[in-house]
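# Summary of the model geometry
Each chain, written out:
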Amino acid sequence: MKNTIARKINKKCNQLCLIVIALGALIVTPFSHCVAKPLFFPAPMEPEFLNKVYDHYIVHATGERCISYFVHEDSLCQGEAKDVEVYAITNNVGSVLKMSNLGCTVMSLTMPDVVGVFENVLLEFENPEDYTKSGQISTICGRVANSTSFGKFMLDGVEYNTNEEIDSSVKKALYSGKLGLDKKKWHLLERKNFPYKDNQLVFYYVSPDKEDGFPGNLLIFAAYTLTDNQELVVEFYAFTDKTTICNLTQKLYFNLGGIKENRTAKNIENTLVRLNCDRVMEIKKGGIPTGKLLSVEGTDLDFRNDFYPISKASKSDAEQIKFAYGLKHCFFVEPPAKQNHDESTFALCSFYNPQLKVVASVVDPYNGRQLDIATDQQSVVFYAGGFIGKHLGSSGCNYEANTAFCLDTQAPIDAQYHAHLGSIRLAPFQKYTSKTVYKFSVSEYEYDVEYVKATRKKQRTEAGVK
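Remember, predicted model here, so these are calculated numbers, not experimental data.

Once that is clear, we can look at the overall build of the protein. Of the regular secondary structure elements, the protein holds six helices and 31 strands. Evaluated residue by residue, the protein yields a buried proportion of 56% over its 466 residues. Considering only contacts within the protein whose residues lie at least 6 apart along the sequence, 70% involve residues at least 24 apart. Approximately 20,400 Å² of the protein is accessible, and the part contributed by carbon and sulfur atoms is 51%.

And the structure:
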């Protein structure tokens with residue numbers, strides 16, 4: 001019996017070892033990847049934890065945790081352990097990032113407003129499992145983010161059917177559905193064996209061949225850094241032993257108004273947004289992408305040049321918005337290149353360039369919190385939270401439709417069907433990378449003067465200052 005178990009463990013270790021032995025070569029090899037052209041953010045350094053030769057015997061999770069949870073079996077995939085862990089890191093400013101290793105969920109993130117009041121800016125629930133039961137709330141999404149039309153795709157002449165939940169009315173699948181990465185138990189890299197910093201959390205997961213219907217064993221690293229510059233940096237790295245497709249994102253549900261105890265979360269439709277995006281993907285009824293790119297010029301999806309309230313689009317009667325039943329659209333980061341053919345089908349894919357471009361800025365007009373998002377990805381999916389159901393969050397908070405927004409940085413939706421938009425194909429000896437920086441600050445112009453006066457008066461009173 002013991003020999004049988006040992007053989008099974010050995011077999012699994014050997015399968016993982018096939019992936020990790022080649023990792024050193026993968027790290028230094030130049031790769032082609034579809035990302036946006038740089039604007040002004042500098043090229044990021046290669047993370048230190050990737051510069052180590054991996055030994056599969058020490059890739060395990062024993063990192064420090066702040067609490068453990070017991071979750072119900074139906075919240076995890078078959079064969080997964082029932083216990084998950086929650087970790088917290090802080091910076092020198094006082095902001096706190098709390099994460100669960102169930103789906104790499106960002107459970108909460110506290111940031112100050114214009115008068116220094118720290119509040120959580122993400123929808124928050126009591127237990128890690130609640131984030132996946134309520135949808136993919138602030139979890140990692142994949143292997144293919146957003147929708148996959150018809151729940152299948154062709155790769156090198158072979159058709160693959162994903163294990164996704166199909167919406168039969170519109171014939172599309174979402175986020176690898178019931179068995180996606182958001183429902184997997186990830187593992188924290190042990191700090192004493194891997195040189196990453198105290199203000200980081202680095203998780204990994206090995207998605208086996210044919211899991212969710214996708215080919216190839218996929219080794220994924222997800223790194224989260226909370227800097228003293230009030231930045232949350234999210235990085236993904238993935239490697240495969242068989243040609244597959246890969247498109248990851250972190251679906252963060254933001255509410256810059258702050259999540260307050262025993263209250264219904266503030267409606268975000270007055271939140272101000274600016275997008276540095278000239279084009280948006282055309283959709284058919286039900287939100288199915290056509291592959292054609294439309295100019296946002298003169299439409300309710302034009303958030304360039306100035307800050308506009310989210311309601312400009314979320315309450316619009318425009319056909320493209322009605323087709324998605326609200327604001328849930330894929331905007332393109334880089335401007336169109338000059339082509340000899342129809343400009344709606346120009347190629348966006350370029351050689352891998354790790355520099356970042358600011359794609360979105362968001363401001364709460366009441367408390368002045370500002371969020372700027374920079375990424376190396378081609379597109380950003382802007383969702384105004386119209387499908388958020390009524391949920392009870394942590395500390396008696398209530399959530400409902402339009403109480404959070406998402407700006408998901410990723411490769412284009414349905415890129416596997418529309419080759420002219422780029423490629424999410426990942427082959428052996430290639431490296432998938434994605435980096436997004438969420439930088440928090442305060443606006444110099446957009447805030448409520450009366451709120452500032454009242455809060456400062458309260459702060460002086462509490463401090464005993466007349």
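Bringing the nonpolar core into the picture now. Membership of the largest hydrophobic core comes to 71 residues, with the highest contact counts inside it found for Tyr-224 and Phe-382. Of all the elements, strand E14 (residues 218–226) adds the most residues to this core, at eight residues. The residues touching Phe-382, leaving out its near neighbours within four places in the chain, are Val-273, Leu-275, Phe-303, Ile-310, Leu-327, Lys-328, His-329, Phe-331, Phe-405, Cys-406 and Leu-407. Formed by 15 residues, the second largest nonpolar core is a distinct cluster that contains Val-86, Leu-123, Tyr-253 and Cys-397.

Attention shifts here to the sheet that holds strand E21 (residues 289–295). The strand order across the open sheet formed by five strands is E21-E20-E23-E26-E29, and the pairing between neighbours is antiparallel. Either end of the sheet is taken by a strand with one partner, and the two such strands are E21 and strand E29 (406–410). On average, each strand axis in the sheet is inclined to that of its neighbour by 30°, with strand direction left out of account. For strand E20 (residues 279–283) and E21, the ladder comprises four bridges, and the chain directions are antiparallel.

With that settled, consider the sheet that holds E14. The strand order E12-E13-E14-E15-E31-E25-E24-E19-E22 describes an open sheet built from nine strands, whose pairing is antiparallel. Edge positions in the sheet fall to strand E12 (187–188) and strand E22 (308–309), since each has one partner strand and no second. By the bridge criterion, nine bridges tie E14 to strand E15 (residues 231–240) in an arrangement that is antiparallel. Pairing of Leu-219 across the sheet is with Phe-239, part of E15.

The next subject is the confidence of the model for the protein. The predicted model of the protein averages 79 in pLDDT, with 74% of residues at 70 or higher. Low pLDDT, under 50, characterises residues 1–40; the stretch is placed with 65 contacts to residues that sit more than four places away or in other chains. A low-confidence stretch, residues 166–170 (pLDDT under 50), is modelled with nine contacts involving residues beyond four sequence positions or located in other chains.

One pass over the structure, following the stated rule, counts 17 aromatic pairs. Clustering of aromatic rings is evident, with ring pairs tying together Phe-254, Phe-405, Tyr-438 and Phe-440. Its guanidinium or amino end placed over the ring of Phe-303, Lys-312 lies 5.4 Å from that ring's centre, counting from NZ or CZ.

Counting buried residues along E15, 10 of its 10 residues qualify, which places the element largely inside the surrounding structure. Going residue by residue along E15, you find Glu-231, Val-233, Glu-235, Tyr-237 and Phe-239 tucked away on one face and Leu-232, Val-234, Phe-236, Ala-238 and Thr-240 tucked away on the opposite face as well. Hairpin remark: E14 followed by E15, antiparallel, with four residues in the connecting loop; positive phi at Gln-230, about 60°. The pairing of E15 with strand E31 (residues 432–442) spans eight bridges and is classified as antiparallel. Bridge assignment links Ala-238 to a residue of E31, and that residue is Tyr-432.

Turning our attention to helix H6 (residues 449–462). Taking 1.5 Å per residue as the helical rise, H6 with its 14 residues ought to reach 20 Å, and the 20 Å between its terminal C-alpha atoms agrees with that figure. Those residues of H6 that fall on the buried side of the exposure criterion are Tyr-451, Val-452 and Thr-455. The buried residues of H6 occupy an angular sector of 95° when projected down its axis, which confines them to one face. Of the residues in H6, the exposed ones pointing more than 90 degrees away from the buried face are Glu-450, Lys-453, Lys-457 and Thr-461.

Along the chain, Gly-142 connects to Arg-143 via a cis peptide bond; the corresponding omega equals 20°. Unusually for a residue other than glycine, Tyr-325 sits at a positive phi of about 55°. Within the secondary structure, Tyr-325 is located in the loop between helix H5 (319–323) and strand E23 (328–332). One non-glycine residue, Asp-414, lies in the positive phi region at around 60°.

As a further point, take the side chain of Ser-100. By secondary structure assignment, the location of Ser-100 is in strand E3 (residues 96–100). For Ser-100, a relative accessible area of 0% translates into the label buried. A polar contact of 3.0 Å, which involves the side chain of Ser-100, links it to the backbone nitrogen of Leu-102.

Take Asn-217: it is sitting in the loop between strand E13 (200–207) and E14. Residue classification places Asn-217 among the buried residues on the basis of a relative accessible area of 17%. Only 3.0 Å separates the side chain of Asn-217 from the backbone nitrogen of Asp-209, close enough to count as a polar contact.

Cut-offs and rules
Residues numbered from 1 in each chain as written. Predicted model: local features only at pLDDT ≥ 70, side-chain atom pairs only at ≥ 80, totals over all residues. Heavy atoms only, no water. Helix = DSSP H or I, 4+ residues; strand = E, 2+ residues; numbered from the N terminus. Buried < 20%, exposed > 50% of the residue type's maximum accessible area, 1.4 Å probe, protein only. Contact = heavy atoms within 4.5 Å. Areas by Shrake-Rupley, 256 points an atom, 1.4 Å probe, with all protein chains shown as cover. Core = buried A, V, L, I, M, F, W, Y, C linked by side-chain atoms within 4.5 Å. Pairing = 2+ DSSP bridges. Axes fitted to C-alpha atoms, helices over the stretch in contact; angles between N-to-C directions. pLDDT = per-residue confidence, 0-100. Phe/Tyr/Trp six-rings, centres within 6.5 Å; stacked < 30°, edge-to-face > 60°. Lys NZ or Arg CZ within 6 Å of the ring centre and 35° of its normal. Expected span 1.5 Å × (residues − 1). Arc of directions from axis to C-beta. Polar contact = N/O pair within 3.5 Å; in protein donor to acceptor, adjacent residues only side chain to side chain.

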